[in-house]
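Architecture and fold: a report
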Amino acid sequence: MASNQTRLLENSARSKPMRPAKQRDMSQLAVSAVAYIFIGAFSLLCFIPFWLIYIGSFTAESQIVQGFRMFPTEFSLDAYRFLLQGSQVYQSGFVSVFITVVGTSGAVLLTSMFAYAAAHPHVKYRYVLSFYIYFTMLFPPGLVGYYLLISNWLSLRDSLLALLLPLLFSAFNSFLMTSYFRTLPFELNEAATVDGAHELYIFFRIIWPISMPVIATITLFYALTYWNDWFNALMFIDDPHRHPLQMMLRRIISNSQNLNYLNTNVNIPVSATGVQLSTVVITIGPIIFLYPFLQKYFIKGLTIGAVKG
Amino acid sequence: MGIWRELRKNRWLYAMSLPVVLYVFIFSYVPMTAHLLAFKQFIPAKGIWGSKWTGLDNLTFFFTGPDWLGVTMNTVYLNLLFIAAGTACSLCIALLLNEIRRAYFKKVTQSLVILPHFISIMVVNLMVLNFFNGQDGMINRLIDRIGFEPVNWFQTPAVWPYLLTIIFVWKGAGWGSIIYLATLTGFSEEYYESARIDGAKRWQQIRFITLPLLRPTIIVLTLLGLGRIFYGDFGLIYGIIGDNSLLFHSTDVIDTYTYRSLRSTNMNSYSNAAAVALFQSVMGLITILFFNWFVRRVDNDSKLF
């Protein structure tokens, strides 16, 4: 009898917290199920168009005209052969790589130096500097002024500088960096100053190494902007020799009859669609391979920069 | 005195900021002077200062013309759709990604939902063309297969605000979720602990803890979006619609309109475009000041400045 009672007591003592726990599990389970289904579906939706393009670009001409397929039917490299034997893809590829490498390096250097000064507690006018930038976001100069500046006042038409200069600074990236630098312990600075280090030395030798997450993030952002830019090319570049890849893509999309633009002198029967798809693969290739490696950094960089910045 | 002393004392720091200060002066402040063209008849050879003043003629021309109300309404309407759908989807993705426990699944899906953000609008343009094209686009084949009448998408203006919203969400919602996700992973576990002891179900925890804590972030991001409500997404809209005038009725926004005015062969094209650009900049400034004032009254912590 006594042992039965203690067992009952034990049971009730054990089952009392058990019951809400079980309910909690059920609601947790339901939410989890929704999460897995929704996220799974949305990521598939994000992925399928890329899959279709990759498969399409390797599909034989006769098959591709019948529409896109999820799985490869008849393998063929004709579209790539056609594209890569022309000279335009190399010219445009060179332009894209050039502006991305040069532009991104310059932009990261300028932005980080500015952001450092705007975050430095010794700089009395740091908020003036920030507002000077902020005002351009409140009251943007507008398309007409921008167009006149590049094409008439600076005379950069058909020059690679028209692709490089306009993207050299972004207020948003600068704010991200400024708020990151503000989180750094200022004692670092003071200790180095006491040791007689020069401001530039402190910046490049002490601040840069510990700011890698934000620098990697900003580098990726600028690189993407340069790599994906077509607007400046559309406005200011008429000479096909200076078309970046995105502009080349636009050309063969908007004028699909005219594959002569690619300067190919071989005769392979290809359709515009096949060539467009292979161009897309070449255009997005570097990004797709690059960004999974940087993802860790930019999530961290964005977090520190943007949350309560 | 004070200023010079300060500049001298921190000359290296100011020197580091100098390139950007000059750059922004040339690339943002100098072009602002083009707003003056709205009040002039601009002849490029004579320059801004040499051209003749015409008072409010250009503005009158724009506001009495048939287009201004349409493009303004389109811009605002599309932006409202984008903001509402974008915020809702980004929030959903962030909340649900947060529920996923399997690290591998989470990593892969997160990479995938961010993926569309990284490609250029030209690539999106190509996808849209191939999916929605006349008879042989993918979507129409699908519609045909399940027994409905194919739609001629590129001649149907009414569907484009929604299609553009879907494309916008597809391209940006995953990326937009990063900030929400980053914010909510920072919330203290204690809130959830005590809620669990009180017997709160999982979705109740989301509703009564996570969402209220996310409120400031949601407000700030929505404000940033609302502040740009008079700016159309030129890349998205021009990239996809281009010069297809059949769709202007529902998709022409201030930015594409200005671009076309600028490109037109009309003698007064610069001044007309400048009038539109001025209208846009002024409206933009007013909106952002208004929303900031509004939020400061409602919830001072969430204000932008």
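Everything quoted here is computed from the prediction, not taken from an experiment.

**Points about the overall build of chain B**
- Within chain B, the secondary structure is distributed over 15 helices and two strands.
- A globule of 305 residues ought to have a C-alpha radius of gyration of about 19 Å, yet chain B, at 24 Å, is considerably larger.
- C-alpha atoms of chain B, sized along the principal axes, occupy 75 × 75 × 35 Å.
- Classification of the 305 residues of chain B by burial places 52% in the buried group.
- Pairs at least 24 apart in sequence give 65% of the contacts found in chain B among residues at least 6 apart.
- Accessible surface, chain B: about 15,000 Å² in total, of which carbon and sulfur atoms supply 65%.
- Here chain B contributes 25 positive and 17 negative side-chain charges, whose respective centroids are spaced 9 Å apart.

**Observations regarding the interface of chain B and chain A**
- Each side of the interface is counted separately: chain B has 93 residues, and chain A has 94 residues.
- Taken over both partners, the interface formed by chain B and chain A buries close to 8,500 Å², and the fraction arising from carbon and sulfur atoms is 78%.
- Among the residues chain B hides against chain A, the three largest losses belong to B:M16, B:F118 and B:M122. Together they make up 9% of the total.
- Here chain B and chain A share zero salt bridges between them.
- If you look at where chain B meets chain A, you find 18 residue pairs in polar contact (both at pLDDT 80 or more).
- No other element matches helix α2 (residues 11-32) of chain B, which puts 18 residues into the side of chain B that touches chain A.
- Along the lines of polarity and charge, the residues of the side of chain B that touches chain A split into 67 nonpolar, 16 polar and 10 charged.

**Notes on the packing of aromatic side chains**
- Using the criterion set out here, one finds 48 aromatic pairs over all chains in the structure.
- Between A:Y147 and B:Y270, the ring centres sit 6.3 Å apart and the planes meet at 40°, which makes this aromatic pair tilted. On the criterion of chain membership, the pair formed by A:Y147 in helix α6 (residues 143-153) and B:Y270 in helix α15 (residues 269-298) is interchain, its members lying in two chains. Residues A:Y147 and B:Y270 agree in their burial class; the two are buried.
- Ring centres 5.1 Å apart and planes at 75° place the aromatic pair A:F231 and B:F234 in the edge-to-face group. Of this pair, A:F231 sits in helix α12 (residues 231-236) while B:F234 sits in helix α12 (residues 234-241), placing the two residues on different chains. Like A:F231, the residue B:F234 is buried in the burial classification.
- Cluster of aromatic residues (ring-pair linked, three or more members): A:Y116, A:Y180, A:F181, A:F203, A:F204 and A:W208.

**Quick look at the confidence of the model for chain A**
- Overall, the prediction assigns chain A a mean pLDDT of 81, with 82% of residues at 70 or greater.
- This model gives residues 1-19 of chain A a pLDDT under 50, and the stretch forms zero contacts once residues within four places in sequence are excluded.

**Side note on the side chain of B:R202**
- By the element assignment, B:R202 lies in helix α11 (residues 202-227).
- We classify B:R202 as buried; its relative accessible area is 9%.
- In this structure the side chain of B:R202 is engaged in a polar contact, spanning 2.9 Å, whose partner is the side chain of B:E99.
- Not counting chain neighbours up to four residues away, the residues in contact with B:R202 comprise A:S27, A:Q28, A:V31, B:E99 and B:Y192.

**Focus: unusual backbone geometry**
All names here are of chain A.
- Phi at S155 is positive, roughly 50°, even though this residue is not glycine.
- Phi is positive for D158, which is not a glycine, with a value near 60°.
- Within the secondary structure, D158 is located in the loop between α6 and α7 (161-164).
- For D158, a relative accessible area of 24% corresponds to the partly exposed category.

**A few points about the nonpolar core**
- Counting 165 residues, the largest nonpolar core has A:V144, A:F181, A:F298, B:F118, B:W160 and B:I240 as the members making the most contacts within it.
- With 13 residues, the next largest nonpolar core counts B:F62, B:L223, B:Y257 and B:F291 among its residues.

**Comments concerning the pattern of salt bridges**
- With the rule as written, the count across this model stands at six salt bridges over all chains.
- Linking A:R157 and A:D238 is a salt bridge whose minimum nitrogen-to-oxygen distance equals 3.2 Å. In this pair, A:R157 is assigned in the loop between α6 and α7 and A:D238 in the loop between α12 and α13 (245-254), connecting sequence segments 81 residues apart.
- We note a salt bridge from B:E99 to B:R202, for which the minimum N-O separation is 2.9 Å. Here B:E99, found in helix α5 (residues 68-99), pairs with B:R202, found in helix α11; they are 103 residues apart in sequence, far enough to count as distant.

**Topic: the environment of B:I48**
- Here B:I48 shows up in helix α3 (residues 47-50).
- Exposure remark for B:I48: the relative accessible area of 5% places this residue in the buried category.
- For the pair formed by B:I48 and B:T33, sequence separation is 15 residues and the distance between their alpha carbons is 8.3 Å.
- If we skip the residues at most four places from it in the chain, B:I48 touches A:W153, B:T33, B:A34, B:L36, B:L37, B:K40 and B:F42.

**As for helix α14 (residues 254-263) of chain B**
- α14(B) sits mainly inside the fold: eight of its 10 residues count as buried.
- Listed as buried for α14(B) are B:I254, B:D255, B:T256, B:Y257, B:T258, B:Y259, B:S261 and B:L262.
- The inward-facing, buried residues of α14(B) abut α6 and α12 of chain A together with α4 (57-64), α5, α12 and α15 of chain B.

Rules used throughout
- Per chain, residue numbering runs from 1 following the sequence as it is written.
- For this description, chains carry letters from A and ligands carry numbers from 1, given in the order in which they are written.
- Only residues with pLDDT of at least 70 are given local features in this predicted model, and only at 80 or more are side-chain atom pairs given and counted; all residues enter the totals for whole chains, interfaces and linings.
- Hydrogens and water molecules were not included; the side-chain quantities draw on all heavy atoms of the structure.
- By the criteria applied, helices consist of DSSP H or I runs no shorter than four residues and strands consist of E runs no shorter than two, each listed in order from the N terminus.
- With the radius of gyration taken over C-alpha atoms, the globule rule is written as 2.2 Å times the number of residues to the power 0.38.
- The cut-offs for exposure are 20% and 50% of the maximum accessible area for each residue type, with area from a 1.4 Å probe on protein chains only; residues under the lower value are buried, those over the upper are exposed, and the others partly exposed.
- In what follows, a contact means two residues having at least one pair of non-hydrogen atoms within 4.5 Å.
- The protein chains shown are the only cover counted for residues, whose accessible areas, like all others here, come from Shrake-Rupley with a 1.4 Å probe.
- Under the counting rule used here, the positive set is Lys and Arg, the negative set is Asp and Glu, and His together with the chain ends is not counted.
- For the purpose of locating charges, the reference atoms are NZ of Lys, CZ of Arg, CG of Asp and CD of Glu.
- A simple way to read buried area is as the amount of 1.4 Å-probe accessible surface that goes missing from two parts once joined, with both sides added.
- Here, a salt bridge means any Lys or Arg side-chain nitrogen found within 4 Å of an Asp or Glu carboxyl oxygen.
- For this analysis, a polar contact is any N or O atom pair within 3.5 Å, provided that within protein one partner can donate a hydrogen and the other can accept it, and provided that sequence-adjacent residues contribute only side-chain to side-chain pairs.
- When residues are sorted by character, Ala, Val, Leu, Ile, Met, Phe, Trp, Tyr, Cys and Pro go into the nonpolar class, Asp, Glu, Lys and Arg into the charged class, and all the rest, Gly among them, into the polar class.
- Pairing of aromatic side chains here covers Phe, Tyr and the six-membered ring of Trp, requires ring centres within 6.5 Å, and sorts the geometry by plane angle: under 30 degrees stacked, over 60 edge-to-face, intermediate tilted.
- Per residue, pLDDT captures the predictor's confidence, and it can take any value from 0 to 100.
- What is meant by a nonpolar core is a set of buried Ala, Val, Leu, Ile, Met, Phe, Trp, Tyr and Cys residues, joined one to another through side-chain atoms within 4.5 Å.

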